[in-house]
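Examining the three-dimensional arrangement
One letter stands for each residue in the lines below.
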Amino acid sequence: MLTKWMDGLKIGTPKVDLVLDSHTQDPHLLSGTFKLSGSWRKRNIKRLECDLVVVERGEKPVLIEPVTTVLMTRTMEAGGYDEYPFRYELPRNLPLLSEGRSYKLQTRLVYENNAKSFDHDEIIVN
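Residues numbered from 1 in each chain as written. Predicted model: local features only at pLDDT ≥ 70, side-chain atom pairs only at ≥ 80, totals over all residues. Heavy atoms only, no water.

Ordered in space as β1-β2-β5, the 3 strands form an open sheet in which the pairing is antiparallel. Looking along the sheet, the strands with just one partner apiece sit at the ends: β1 (15–20) and β5 (81–89). Neighbouring strand axes in the sheet, compared pairwise and without regard to direction, differ in orientation by 25° on average. (Pairing = 2+ DSSP bridges. Helix = DSSP H or I, 4+ residues; strand = E, 2+ residues; numbered from the N terminus. Axes fitted to C-alpha atoms, helices over the stretch in contact; angles between N-to-C directions.)

Structure representation (C-alpha cells):
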C-alpha cells in the first residue's frame, strides 16, 4: 500500500535528464546524453522518448516532430544509472519565436504500468 502511494506521488521513481552539450559548430545540430537514474527500488523500463515541441505561455505543448524513441526491455536496479547518447538535427525551417513561445525537447522515460518521468529542455533557435 505504501509503495502505491509513493508511486502515485512520484516519490522515488526513475528519473531521466537530457544533458545537452554546450559547444557545437552547427547551431542546428544538438548532441548530448540521456542520463537515467534508478529509484529506491528495482523498476522495469519500457522505453525512452523525446519529442520536439513548441510551447505557448499558458498552453499545452504542441508536437512539431518526434526526435527519437529508444525501445528497451530492461530492469533498472535500485539506485542504478545508465546513459544513452543523443544527437539530433533541428529542422532548418523552424520559424523564429515571438515572446511567450519557446521550443523544447520533451523527454519521457516510460516504465512499468505506463508510468512516466519527464524532462524538458528549452532550445534557442537563431
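Read on for the rest.
It is worth spelling out the nonpolar core at this point. One finds Phe 34, Leu 52, Phe 86 and Leu 105 to be the most contacted residues of the largest nonpolar core, which totals 22 residues. At the level of elements, β1, β2 (29–37), β3 (43–56), β4 (62–76), β5 and β6 (101–111) are the ones that each hand at least two residues to this core. Examining the composition of this core, we find that 5 residues originate from one element, β3, more than from any other. Contacts of Phe 86, omitting those with residues within four sequence positions, involve Leu 18, Leu 20, Leu 30, Ser 31, Gly 32, Thr 33, Phe 34, Cys 50, Val 67 and Leu 105. (Core = buried A, V, L, I, M, F, W, Y, C linked by side-chain atoms within 4.5 Å. Buried < 20%, exposed > 50% of the residue type's maximum accessible area, 1.4 Å probe, protein only. Contact = heavy atoms within 4.5 Å.)

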